[in-house]
Amino acid sequence: MKKYFLIVPTVGITIGATIAGKMMQKGRRAAFLIFPLVGLVGSILSVIDNYIVMMLGKLLFGIGAGCCITVAPRVLEETIPPEYFDKYGFGAMTNIGVDIIVLTNTIMVLFMPKEGQKHVTEKVLASSTLYKWLYLIPVPLFGTAFILAIMCFRRESPGFYIHKKDKLNAVRALR
């Protein structure tokens, strides 16, 4: 059973990245407003003492994370001037963040409750709380991403409007 704790978020990340690719064709802002909330809800569901709900939470967490790690680099690329993009490390930010999160997720499995070689049951999950605190680590990160999206990302990126050949809105987005 423990192996599903690693598989489910990975499947979610794959689904989230696929959805993000489709959403980016319509706009980046909606993805930044919706998917941090999906990831936040998923992280909270991951601590409920029910195996099915926990797995649903891990899937939703993965979908939210997959979308965010797909959309964020595109928005950075379309928003930050090229001369600053590599000079200040913006190009590597997403990869470093993904590596840290994958490492954190892998380490979390070490703290999952164990009952010898038997399956993890609701009783075993209820007797352990450390893994719950670990699953809540993404909550402030997704919350911050959502708040920043509301405050800082009021329009689509200039690159999105340029791609859509909408010069008027591209100029407005630069202001």
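Residues numbered from 1 in each chain as written. Predicted model: local features only at pLDDT ≥ 70, side-chain atom pairs only at ≥ 80, totals over all residues. Heavy atoms only, no water.

*Asks:* Can you walk me through the packing of aromatic side chains in this structure?
*Replies:* Inspection of every chain in the model, using the stated rule, returns 1 aromatic pair. Each ring, one from Phe-61 and one from Phe-142, has its centre 5.9 Å from the other, and the planes form 80°; the classification is edge-to-face. Remark: Phe-142 occurs in helix α8 (residues 138-152) and Phe-61 occurs in helix α3 (residues 51-79); sequence separation between them is 81 residues. The pair Phe-61 / Phe-142 is uniform in exposure class, with both members buried. (Phe/Tyr/Trp six-rings, centres within 6.5 Å; stacked < 30°, edge-to-face > 60°. Helix = DSSP H or I, 4+ residues; strand = E, 2+ residues; numbered from the N terminus. Buried < 20%, exposed > 50% of the residue type's maximum accessible area, 1.4 Å probe, protein only.)

*Asks:* Where do I start with α8 in this structure?
*Replies:* One full turn of an α-helix is made of 3.6 residues, so residues set three or four places apart face in the same direction. Here α8 is 15 residues long and its end C-alpha atoms lie 20 Å apart, about the 21 Å a rise of 1.5 Å per residue gives. Every buried residue of α8 is accounted for by Pro-138, Phe-142, Gly-143 and Ala-149. Buried residues of α8 fall within an arc of 135° about the axis and therefore sit on the same side. Projecting away from the buried face of α8 at angles above 90 degrees are the exposed residues Pro-140, Leu-141, Met-151 and Cys-152. (Expected span 1.5 Å × (residues − 1). Arc of directions from axis to C-beta.)

*Asks:* In this structure, what is going on with the packing of helix α2 (residues 29-45) against α8? I would like to understand it.
*Replies:* Relative placement of two packed helices is described by the angle separating their axes and the distance separating the axes. Where α2 meets α8, the axes come as close as 9 Å, and the angle between the chain directions of the two elements is 160°. The orientation of α2 with respect to α8, classified from their angle, is roughly antiparallel. Once α2 is placed against α8, the crossing between them reads as left-handed. Between α2 and α8, the contacting residues are Phe-32, Leu-33, Phe-35, Pro-36, Leu-37, Gly-39, Leu-40, Ser-43 and Ile-44 on the first element and Pro-138, Val-139, Phe-142, Gly-143, Ala-145, Phe-146, Ala-149 and Ile-150 on the second. Among the residues forming the contact of α2 with α8, the class breakdown is 14 nonpolar, 3 polar and no charged. (Axes fitted to C-alpha atoms, helices over the stretch in contact; angles between N-to-C directions. Parallel < 35°, antiparallel > 145°, perpendicular 65-115°, else oblique. Left-handed = near helix turned anticlockwise from the far one by under 90°. Contact = heavy atoms within 4.5 Å. Nonpolar A, V, L, I, M, F, W, Y, C, P; charged D, E, K, R; others polar.)

*Asks:* Mind showing me how you'd approach the side chain of Ser-43 here?
*Replies:* Here Ser-43 is to be found in helix α2. Take Ser-43: its relative accessible area is 1%, and that puts it in the buried class. With near-sequence residues (within four places) excluded, Ser-43 lies in contact with Gly-57, Phe-61, Tyr-135, Leu-136, Pro-138, Val-139 and Phe-142.

*Asks:* I would appreciate a short explanation of the packing of α2 against α3 in the present structure.
*Replies:* Packing of α2 against α3 brings their axes to within 7 Å, and their N-to-C directions diverge by 150°. Taken together, the axes of α2 and α3 lie roughly antiparallel to each other. Read as a crossing pair, α2 and α3 show a hand that is left-handed.

*Asks:* Teacher, can you tell me more about a nonpolar patch on the surface here?
*Replies:* Where nonpolar side chains cluster on the molecular surface, the patch consists of Tyr-4, Ile-7, Val-11, Ile-15 and Ile-19 and spans about 370 Å² of accessible area. Here Ile-7 shows up in helix α1 (residues 4-26). (Patch = residues over 30% accessible without salt bridge, like charges linked within 9 Å, V, L, I, M, F, W, Y side chains within 5 Å. Areas by Shrake-Rupley, 256 points an atom, 1.4 Å probe, with all protein chains shown as cover. Salt bridge = Lys/Arg side-chain N within 4 Å of Asp/Glu carboxyl O.)

*Asks:* Help me out: how do you make sense of the nonpolar core in this one?
*Replies:* Within soluble globular proteins, side chains that are nonpolar tend to cluster in buried spots. One finds Ala-31, Phe-32, Phe-35, Cys-67, Val-71, Val-75 and Phe-142 to be the most contacted residues of the largest nonpolar core, which totals 17 residues. Breaking this core down by element, the ones donating at least two residues are α1, α2, α3 and α8. Here the element with the most residues in this core is α3; it accounts for 7 residues. Setting aside residues up to four positions removed in sequence, Phe-32 forms contacts with Val-71, Ala-72, Val-75, Ala-149 and Phe-153. If you look at the next biggest cluster of nonpolar residues, it comprises 8 residues, including Val-47, Met-54, Met-55 and Leu-134. (Core = buried A, V, L, I, M, F, W, Y, C linked by side-chain atoms within 4.5 Å.)

*Asks:* I would appreciate a short explanation of α3 in the present structure.
*Replies:* If you check α3, its first and last C-alpha atoms are 41 Å apart, about what 29 residues at 1.5 Å a residue would give, namely 42 Å. Its side-chain oxygen at 3.0 Å from the backbone nitrogen of Ile-52, Asn-50 defines the N-terminal cap of α3. (Polar contact = N/O pair within 3.5 Å; in protein donor to acceptor, adjacent residues only side chain to side chain.)

*Asks:* Help me understand the confidence of the model for the protein, please; the structure alone is not making it clear to me.
*Replies:* A low pLDDT score tells you not to read the predicted coordinates there in detail. Confidence along the protein averages 79 in pLDDT terms, with 77% of residues attaining 70 or more. When the elements of the protein are averaged for pLDDT, helix α10 (residues 167-174) gives the smallest value, 62, and α2 the largest, 91. (pLDDT = per-residue confidence, 0-100.)

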